[in-house]
Amino acid sequence: MTSTMMGHNPHNPGALLPGAPGKRKEIYKYDAPFTLYAMSWSNRPDRKYRLALGSFIEEYSNKVQVIQLTDEENGEFKVKGSFDHPYPTTKILWIPDTKGVCPDLLATSGDYLRIWKVNDQTNEVKLESLLNNNKNSDFCAPLTSFDWNELDPNIVGTSSIDTTCTIWGLETGQAIGRIDGNSVTGMVRTQLIAHDKEVFDIAFSRAGGGRDIFASVGADGSVRMFDLRHLEHSTIIYEDSQQQPLLRLAWNKQDPNYLATMATDGLEVIILDVRVPCTPVATLKNHTACVNGIAWAPHSSCHICSAADDQQALIWDIQQMPRPIDDPILAYKAEGEINQVQWATGQPDWIAICYNQSMEILRV
């Protein structure tokens, strides 16, 4: 991990090192026509530097853009597709297809879970499927988040304000080549009451084969772990001492014993070890305003990035655990409060952040 892009001294972040003429760029910036919130890196090896961005407009009509860095020399992003979306997207994910063999699919959550198909040749994005588990009601319980299983792309899990998590089985099969009708369908595999209050996030673990274990966090302040093979009980891994709602969770990509979470308006990131429930194995404390996002390195078990309202993105090396982790190893100061951070699975040298109407990708 180089420090060419981010100021090495965490106490003086954002001091970018002046590059020599012709030196490769370390930061690329895209300015959207709207405030940004949801964001996702494409995982396909043949679509480098491609991201999907969701607007945050406080009304019904919102947008999703697919953009790609097409000119590295001049730092130019091209809009490769754009579509309307009801309400802001709470999360966007590309299909976890690192080999480029699956259909080019994108999923969004908001009022419902929607699956979209991207045509990179025509720049068209078409709705393939709207997955609704509230068949008997005129009202929907908005989805706060979802996760797309990396080992089995036919499994998607959603979290909702109605206290439930729903696990969907997607069928893409051979129907992808069909012209008529939607070629992606979904069936509810299971729906469970996951928490006592709203569920704010869900994430699959790579443990035990990577298909069956997932965790969720919610307004009751707990992290709970589930196994699809034994849904009659769950394991409480952690409960916030102040019973503050927990907003996000993220599993370590290389070591499924570790996961990270954060509380509403919390200034710290909590690292948990599932083998030692209820006690954080580390607490990362350098932010001076509330943390909004966490992203583990895709290629390393001991690096995690956090982003916050203090305009900072901090990268931490946690290999000293359980000894205290006092300072991040790298820091970057943005021009606004960072509300989103994503670390690219297919290009692990790059992290993306969003603030206001801007998205930046940063070389690490």
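Quick notes on the rules
Residues numbered from 1 in each chain as written. Predicted model: local features only at pLDDT ≥ 70, side-chain atom pairs only at ≥ 80, totals over all residues. Heavy atoms only, no water. Helix = DSSP H or I, 4+ residues; strand = E, 2+ residues; numbered from the N terminus. Contact = heavy atoms within 4.5 Å. Salt bridge = Lys/Arg side-chain N within 4 Å of Asp/Glu carboxyl O. Buried < 20%, exposed > 50% of the residue type's maximum accessible area, 1.4 Å probe, protein only. 1 Å grid on protein atoms, 1.4 Å probe; cavity = no way out; pocket = protein on both sides within 12 Å on 5 of 7 lines; lining within 4 Å. Points joined across faces, edges and corners; volume = space filled by probe spheres on them. Nonpolar A, V, L, I, M, F, W, Y, C, P; charged D, E, K, R; others polar. Pairing = 2+ DSSP bridges. Axes fitted to C-alpha atoms, helices over the stretch in contact; angles between N-to-C directions. Phe/Tyr/Trp six-rings, centres within 6.5 Å; stacked < 30°, edge-to-face > 60°. Core = buried A, V, L, I, M, F, W, Y, C linked by side-chain atoms within 4.5 Å.

J.: Before we move on, can you summarise the overall build of the protein chain with the specific residues and values?
T.: Across its full length, the protein chain carries zero helices and 28 strands. Pairs at least 24 residues apart make up 50% of the contacts formed inside the protein chain by residues separated by at least 6 positions.

J.: A description of the pattern of salt bridges should follow, citing residues and the corresponding values.
T.: Once their charged atoms are close, side chains differing in charge can pair, the charge on each being opposite to the other. Enumeration over the complete set of coordinates arrives at 19 salt bridges. Asp 104 is the salt-bridge partner of Arg 50, the closest N and O atoms lying 2.8 Å from each other. Of the two residues, Arg 50 is situated in strand β3 (residues 50-55) and Asp 104 in the loop between β6 (91-94) and β7 (105-109); the sequence distance between them amounts to 54 residues. Exposure remark for Arg 50: the relative accessible area of 0% places this residue in the buried category. For Arg 114, the salt bridge identified is with Asp 111, shortest N-O distance 2.6 Å. Both residues of the pair, Arg 114 and Asp 111, count as buried. When salt bridges with common partners are traced through the structure, they connect Arg 44, Asp 46, Arg 47, Arg 50, Asp 97, Asp 104 and Asp 120 into a single cluster.

J.: So what's going on with the layout of surface pockets? Residues and values would help.
T.: There is about 900 Å³ of room inside the largest pocket. If you go around the largest pocket, you meet 42 residues; those closest to its centre are Lys 91, Leu 93, Asp 147, Lys 253 and Gln 342. Counting only elements with at least two residues in the lining of the largest pocket, the list comes to β2 (36-41), β6, β10 (143-148), β14 (199-204), β18 (246-251), β22 (291-296) and β26 (338-343). In the lining of the largest pocket, the residues fall into 20 nonpolar, 15 polar and seven charged. The volume enclosed by the second largest pocket comes to roughly 370 Å³. Around the second largest pocket sit 19 residues that line it, and Tyr 37, Phe 56, Thr 90, Thr 144 and Arg 248 are the ones nearest its centre. Only β10, β18 and β22 provide two or more residues apiece to the lining of the second largest pocket. Residue classes in the lining of the second largest pocket are distributed as 10 nonpolar, six polar and three charged.

J.: Please give an account of the sheet that holds strand β12 (residues 164-171) that cites residues and values.
T.: Taken in spatial order, the four strands line up as β10-β11-β12-β13 in an open sheet, and their pairing is antiparallel. Only two strands of the sheet have a single partner each, and these edge strands are β10 and β13 (185-193). Here the average twist between neighbouring strands, direction ignored, is 20°.

J.: Any details on unusual backbone geometry? Residues and values, ideally.
T.: Between Met 321 and the following residue, Pro 322, the backbone shows a cis peptide bond with an omega angle of 5°. Assignment of secondary structure puts Pro 322 in the loop between β24 (312-317) and β25 (330-333). Backbone geometry at Tyr 49 places phi at a positive 55°, although glycine is not the residue there. Relative to the elements of secondary structure, Tyr 49 occurs in the loop between β2 and β3. Overall, the relative accessible area of 11% leaves Tyr 49 in the buried class.

J.: Got a sec to walk through the side chain of Thr 190? Specific residues and values, please.
T.: Considering the arrangement of structural elements, one finds Thr 190 in strand β13. With near-sequence residues (within four places) excluded, Thr 190 lies in contact with Cys 165, Thr 166, Ile 167, Leu 228 and Leu 231.

J.: How would you summarise the pairing of strand β9 (residues 124-131) if you had to cite specific residues and measurements?
T.: By the bridge criterion, seven bridges tie strand β8 (residues 113-119) to β9 in an arrangement that is antiparallel. Directly across from Ile 115, in β9, lies its bridge partner Ser 129. Where β8 hands over to β9, the hairpin turn is made up of four residues, of which Asn 123 adopts a positive phi near 60°.

J.: Could you give me a rundown of the packing of aromatic side chains, with the residues and numbers involved?
T.: What the rule picks out here adds up to eight aromatic pairs. Pairing Tyr 37 with Phe 56 gives two aromatic rings, centres 6.3 Å apart and planes at 65°, and the pair type is edge-to-face. With Tyr 37 in strand β2 and Phe 56 in the loop between β3 and β4 (61-71), the pair connects residues that are 19 residues apart, well separated along the chain. For Phe 56, a relative accessible area of 39% puts it in the partly exposed group. Ring pairing ties together the aromatic residues Tyr 28, Tyr 49 and Trp 350, which thus form one cluster.

J.: An account of the nonpolar core is requested, with residue identities and associated values reported.
T.: Ranked by internal contacts, the top residues of the largest apolar core, which has 21 residues, are Ile 271, Leu 284, Trp 296, Ile 304, Ile 318 and Met 321. Sorting the residues of this core by element identifies β19 (258-263), β20 (269-273), β21 (282-284), β22, β23 (303-308) and β24 as the ones contributing at least two each. The contact partners of Ile 304, leaving out residues within four places of it in the chain, are Ala 260, Ile 271, Leu 284, Ala 295, Trp 296, Leu 314, Ile 315, Trp 316, Ile 318 and Trp 343. Listed in part, the 19 residues of the second largest apolar core include Leu 51, Ile 67, Trp 350 and Ala 352.

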